[in-house]
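# Examination of the molecular architecture
This is what each chain is made of:
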Amino acid sequence: MLSRGFESAGNRVWITSAEGRNQLDGLEDLENRMFENRLSFFDCTPLCGAPSHVDLDANPHGVPVPTPYGVRASASGQQLVVSVAGSDGIPGLAEDPTTDIPGLVTLDADGNVLGFVQTGAIPQSLALASGADGHAHTAYVLNTVDSTVSIVDVSDPTQPSVKTTFPTGADP
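Since the structure is predicted, the reported quantities are computational estimates derived from the model, not experimental observations.

### Observations concerning the overall build of the protein chain
In terms of helices and strands, the protein chain carries one helix and twelve strands. Out of the 172 residues belonging to the protein chain, those deemed buried represent 43%. Counted over contacts in the protein chain with a minimum sequence separation of 6, partners at least 24 positions apart contribute 41%. Total accessible area computed for the protein chain in this model is approximately 8,800 Å², and 52% of it derives from carbon and sulfur atoms.

Structure follows, in structure tokens:
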């Protein structure tokens, strides 16, 4: 397992990872996907229970969720944002370049995908600001390959939108 992101809020802890699909043999069986992109979470009250795993590849919105990296929770712990990146940093699928591949995914606390939006190339790190009510309102996404930061309005988690993207300088 390749763990990448780690976050906690209240009694819940989330981890983003890519799990090798080693039980399968051959690209046909693998459906050309070497890894299962996953969000795991567990509750600690005070001892930690068994983890629950969410297969992000089973996204109900009909688009692939690339490799998850950073994860941040709102102050209330009810909303998550996850930065996700494809291997090439190019939006779209080879067979359908008009397909929007997300750079940021919004989820509820149980890992259900609520929405997504494209950001810059290879988004990895992120920060999240919440309002006084504890709900997330703004995500800041570091796009490492094009050396930019995208500011994303996540106040409506079903329709996150990039407000602006600005350069950070070389090699953020």
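Having seen the structure, we can now continue with the description.
### Notes on the nonpolar core
Counting 16 residues, the largest nonpolar core has W14, L39, L56, V71, L80, V105 and L107 as its most contacted members. For this core, the elements supplying multiple residues, two or more each, are β3 (35-43), β5 (67-73), β6 (79-85) and β7 (104-108). At three residues, β6 tops the list of elements feeding residues into this core. The next biggest cluster of nonpolar side chains, apart from the first, holds ten residues, and it includes V81, L104, A136 and V152.

### A few points about the sheet that holds strand β12 (residues 161-167)
Strand order across the open sheet formed by four strands is β9-β10-β11-β12, with antiparallel pairing between neighbours. Of all strands in the sheet, those with a lone pairing partner are β9 (123-130) and β12, marking the two edges. Strand-to-strand twist in this sheet, taken as the mean axis angle between neighbours without regard to direction, amounts to 20°. As judged from the six bridges shared by β9 and strand β10 (residues 136-143), these two strands associate in the antiparallel manner. Of the residues in β10, the one forming a bridge with L126 is V141.

### A few points about unusual backbone geometry
The step from T45 to P46 runs through a cis peptide bond, and the omega angle for that step is -10°. In this structure, P46 sits in the loop between β3 and β4 (52-55). Phi at I122 takes a positive value of approximately 55°, unusual for a residue other than glycine. For S147, which is not a glycine, the phi torsion comes out positive at approximately 50°. Within the fold, S147 resides in the loop between β10 and β11 (148-153).

### Topic: the sheet that holds strand β1 (residues 2-9)
Strand order in the open sheet made by the four strands is β1-β2-β3-β4, with antiparallel pairing throughout. A single partner strand is all that each edge strand has here, and the edge strands are β1 and β4. Taking the axes of each pair of neighbouring strands and ignoring which way they run, one obtains an average angle of 20° across the sheet. As judged from the seven bridges shared by β1 and strand β2 (residues 12-20), these two strands associate in the antiparallel manner. In the sheet register, S3 faces β2, and the bridge partner there is S17.

### Things to note about the pairing of β6
Sheet faces and side chains relate simply in a regular strand, where the side chains alternate between the two faces. Across the seven residues that make up β6, a large majority, seven, are buried. Residues of β6 alternate between two faces, with Q79, V81, S83 and A85 on one and L80, V82 and V84 on the opposite face, all of them buried. Counting the residues that bridge the hairpin from β5 to β6 gives five residues, and of these G77 lies at a positive phi of roughly 80°.

### Here we look at the environment of S161
Counting through the fold element by element, S161 comes out in strand β12. Sequence separation between S161 and T138 is 23 residues; the distance between their C-alpha atoms is 9.7 Å. Side-chain polar atoms of S161 contact the side chain of K163, separated by 3.3 Å.

Criteria and thresholds
Residues numbered from 1 in each chain as written. Predicted model: local features only at pLDDT ≥ 70, side-chain atom pairs only at ≥ 80, totals over all residues. Heavy atoms only, no water. Helix = DSSP H or I, 4+ residues; strand = E, 2+ residues; numbered from the N terminus. Buried < 20%, exposed > 50% of the residue type's maximum accessible area, 1.4 Å probe, protein only. Contact = heavy atoms within 4.5 Å. Areas by Shrake-Rupley, 256 points an atom, 1.4 Å probe, with all protein chains shown as cover. Core = buried A, V, L, I, M, F, W, Y, C linked by side-chain atoms within 4.5 Å. Pairing = 2+ DSSP bridges. Axes fitted to C-alpha atoms, helices over the stretch in contact; angles between N-to-C directions. Polar contact = N/O pair within 3.5 Å; in protein donor to acceptor, adjacent residues only side chain to side chain.

Function cannot be inferred from these measures alone, as they are strictly geometric.
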